[in-house]
Amino acid sequence: MAAGSSVPAGAEKETLKECSSCHMAYPPEMLPIRSWRKIMGDLANHFGENAALPAPARADIEAYLIANAGDTPSAPDGPVFVNDIPADVTPLRVTDTPLWNRIHGEVPASDFASSKVKSKANCLACHTMAGQGQ
């Protein structure tokens, strides 16, 4: 681990590598800690896929996601993403958050179903800089 940190050195790169092998690696600040814990706690059933990882890799990635989740001080823009999520709700998808729905509420369902986009989770289809966190 890096000095003075609870996040293992290299965890960010490991997260980007593992998560983006199937989908865009979402910025951790887009979900609260409780969401990342639940997602990482059941990778064998990750949205219909088995995304299980070796225990050390899973632990490193979870540590990175939790340390940078939207409800942590290390995520200065986090409140924008998570403040509207009720405390008793644990969204497992960024597309289930109030902010996402407020921003994308006017987009017709047919746009998400188009051959270019295919799903609400394909941020890169419309937001070409999303992979760089923009």
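Placed above this text is the structure.
Residues numbered from 1 in each chain as written. Predicted model: local features only at pLDDT ≥ 70, side-chain atom pairs only at ≥ 80, totals over all residues. Heavy atoms only, no water.

Undergrad: Mind showing me how you'd approach the overall build of the chain here?
TA: Across its full length, the chain carries six helices and zero strands. Listing every helix and strand of the chain by position from the N terminus yields α-α-α-α-α-α. Against the compact-globule benchmark of 14 Å for 134 residues, the chain has a radius of gyration of 15 Å, which places it among compact chains. Structurally, the chain occupies a C-alpha span of about 45 × 30 × 30 Å along its principal axes. Residues classed as buried in the chain amount to 33% of the 134 residues present. Partitioning the intrachain contacts of the chain with sequence separation of at least 6 by distance along the chain shows that 57% fall at a separation of at least 24. Just so you have it, the chain exposes about 8,200 Å², and 56% of that area is on carbon and sulfur atoms. (Helix = DSSP H or I, 4+ residues; strand = E, 2+ residues; numbered from the N terminus. Rg over C-alpha atoms; globule rule 2.2 N^0.38 Å. Buried < 20%, exposed > 50% of the residue type's maximum accessible area, 1.4 Å probe, protein only. Contact = heavy atoms within 4.5 Å. Areas by Shrake-Rupley, 256 points an atom, 1.4 Å probe, with all protein chains shown as cover.)

Undergrad: What's the story with the packing of helix α2 (residues 33-40) against helix α3 (residues 55-67) in this structure? I'm lost.
TA: Packed helix pairs are specified by the crossing angle of their axes together with the interaxial distance, meaning the distance between the axes. Between α2 and α3, whose axes approach to 9 Å, the crossing angle comes to 165 degrees. Between α2 and α3, the angle falls in the class roughly antiparallel. Relative to α3, the crossing made by α2 is right-handed. Contacts between α2 and α3 involve Ile 33, Trp 36, Arg 37 and Met 40 from the first element and Arg 58, Ile 61, Glu 62, Leu 65 and Ile 66 from the second. Grouping the constituent residues of the contact of α2 with α3 by class yields six nonpolar, no polar and three charged. (Axes fitted to C-alpha atoms, helices over the stretch in contact; angles between N-to-C directions. Parallel < 35°, antiparallel > 145°, perpendicular 65-115°, else oblique. Left-handed = near helix turned anticlockwise from the far one by under 90°. Nonpolar A, V, L, I, M, F, W, Y, C, P; charged D, E, K, R; others polar.)

Undergrad: So what exactly am I meant to see when it comes to the side chain of His 46 here?
TA: You can see His 46 is positioned in the loop between α2 and α3. If near-sequence neighbours (up to four positions away) are discounted, His 46 is found in contact with His 23, Ile 39 and Ala 51.

Undergrad: Help me understand the packing of helix α1 (residues 11-19) against α3, please; the structure alone is not making it clear to me.
TA: Viewed as axis vectors pointing N to C, α1 and α3 meet at an angle of 105 degrees, and their least axial separation amounts to 9 Å. Looking at the two axes, α1 sits roughly perpendicular to α3. In this structure, α1 uses Ala 11, Glu 12, Glu 14, Thr 15 and Glu 18 to contact α3, whose residues at the interface are Ala 57, Asp 60, Ile 61, Tyr 64 and Leu 65. Residue composition of the contact of α1 with α3, grouped by class: five nonpolar, one polar and four charged.

Undergrad: What exactly am I supposed to notice about the packing of aromatic side chains here?
TA: For any two aromatic rings, the description comes down to two numbers: the centre-to-centre distance and the angle of the planes. Summed over all chains, the structure comprises one aromatic pair. Taking 5.6 Å as the distance between ring centres and 40 degrees as the angle between the ring planes, the aromatic pair formed by Trp 100 and Phe 112 counts as tilted. Residue Trp 100 is found in helix α5 (residues 98-104), and its partner Phe 112 is found in helix α6 (residues 109-113); the two are separated by 12 residues along the sequence. Considered together, Trp 100 and Phe 112 belong to a single accessibility category, that of buried residues. (Phe/Tyr/Trp six-rings, centres within 6.5 Å; stacked < 30°, edge-to-face > 60°.)

Taken by themselves, the reported measurements are silent on function.
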